[in-house]
Amino acid sequence: MHKNIIVDTSCLIILTKINELNLLRLLYSKVFVTNEIANEFGSELPDWVTVYPIERNNIKLLFESKIDRGEASAILLALTMPDSTIIMDDLKGRTFAKQFKLNVTGTIGVIIAAKNKNIILSIKPILDKIKETNFFISKEIEDAALMLAKEI
């Protein structure tokens, strides 16, 4: 596991909506966000979330011309922090991050990791709670997640 975990807004929002934000703390003890992500989240962050400012420069502007500001800032932070993983759900942002050989997972990956570390007993109830929100999970992704968690 990488030692620097950078969380994008979507993960914070969905885990907050389903009252599972604490999974991040239980898995990683401390995570990082940028000012842009904190602002997009719009609520107070727990004390185990560290906010890092990202300087506005030409590289940041270039990244923002390709992807969302929060995702751009997360990728820039990962590029400055060795041994990082970004938790990001947006496919365009994930694809962009992988161009820089960055390690990326998503909210569902976090939930699977929590199961694998015995923090939760099953991912199915959490996936069911997510499906009750506006966060879309395809049947293929759900089945793949359940297989990775050894629940089917």
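Conventions we followed
Residues numbered from 1 in each chain as written. Predicted model: local features only at pLDDT ≥ 70, side-chain atom pairs only at ≥ 80, totals over all residues. Heavy atoms only, no water. Buried < 20%, exposed > 50% of the residue type's maximum accessible area, 1.4 Å probe, protein only. Helix = DSSP H or I, 4+ residues; strand = E, 2+ residues; numbered from the N terminus. Arc of directions from axis to C-beta. Contact = heavy atoms within 4.5 Å. Core = buried A, V, L, I, M, F, W, Y, C linked by side-chain atoms within 4.5 Å. Phe/Tyr/Trp six-rings, centres within 6.5 Å; stacked < 30°, edge-to-face > 60°. Pairing = 2+ DSSP bridges. Right-handed = clockwise from strand over helix to strand, strands pointing away.

## Points about helix α8 (residues 124-131)
- Listing the buried residues of α8 in full gives Ile-126, Leu-127 and Ile-130. The arc that holds the buried residues of α8, viewed along the axis, is 100°, so those residues lie on one side.
- Against the buried residues of α8 lie α1 (9-17), α2 (22-28), α7 (107-116) and α9 (139-148).

## Brief notes about the nonpolar core
- Core analysis: the biggest nonpolar cluster contains 53 residues, and Val-7, Leu-12, Leu-24, Ile-75, Ile-86 and Ile-123 have the highest contact counts within it.
- If one sorts the elements of this core by residue count, helix α5 (residues 69-80) sits on top with 6 residues.
- When sequence neighbours within four positions are dropped, the list of residues in contact with Ile-86 reads Ile-6, Ala-74, Ile-75, Ala-78, Ala-97, Leu-102, Asn-103, Val-104 and Thr-105.

## Overview of the packing of aromatic side chains
- In the structure shown here, the tally under the stated rule is 4 aromatic pairs.
- Seen from their ring centres, Phe-32 and Tyr-52 are 5.4 Å apart, and the 70° between their planes marks the pair as edge-to-face. Remark: Tyr-52 occurs in strand β3 (residues 49-52) and Phe-32 occurs in strand β2 (residues 31-34); sequence separation between them is 20 residues.
- Judged by its relative accessible area of 6%, Phe-32 falls in the buried class.
- Ring geometry for Phe-63 against Phe-100: centres 5.2 Å apart, planes inclined by 40°, an arrangement best described as tilted. Of this pair, Phe-63 sits in helix α4 (residues 58-66) while Phe-100 is found in the loop between α6 (91-99) and β5 (103-105), placing the two residues 37 residues apart along the sequence.

## Side note on the pairing of β2
- By the alternation rule, side chains of β2 split into Val-31 and Val-33 and Phe-32 and Thr-34, which are all buried.
- Two elements, β2 and β3, share 4 bridges in a ladder whose sense is parallel. In the strand pairing of β3, Val-33 is matched with Val-51.
- This β-α-β element, β2 to helix α3 (residues 35-41) to β3, shows right-handed connectivity.

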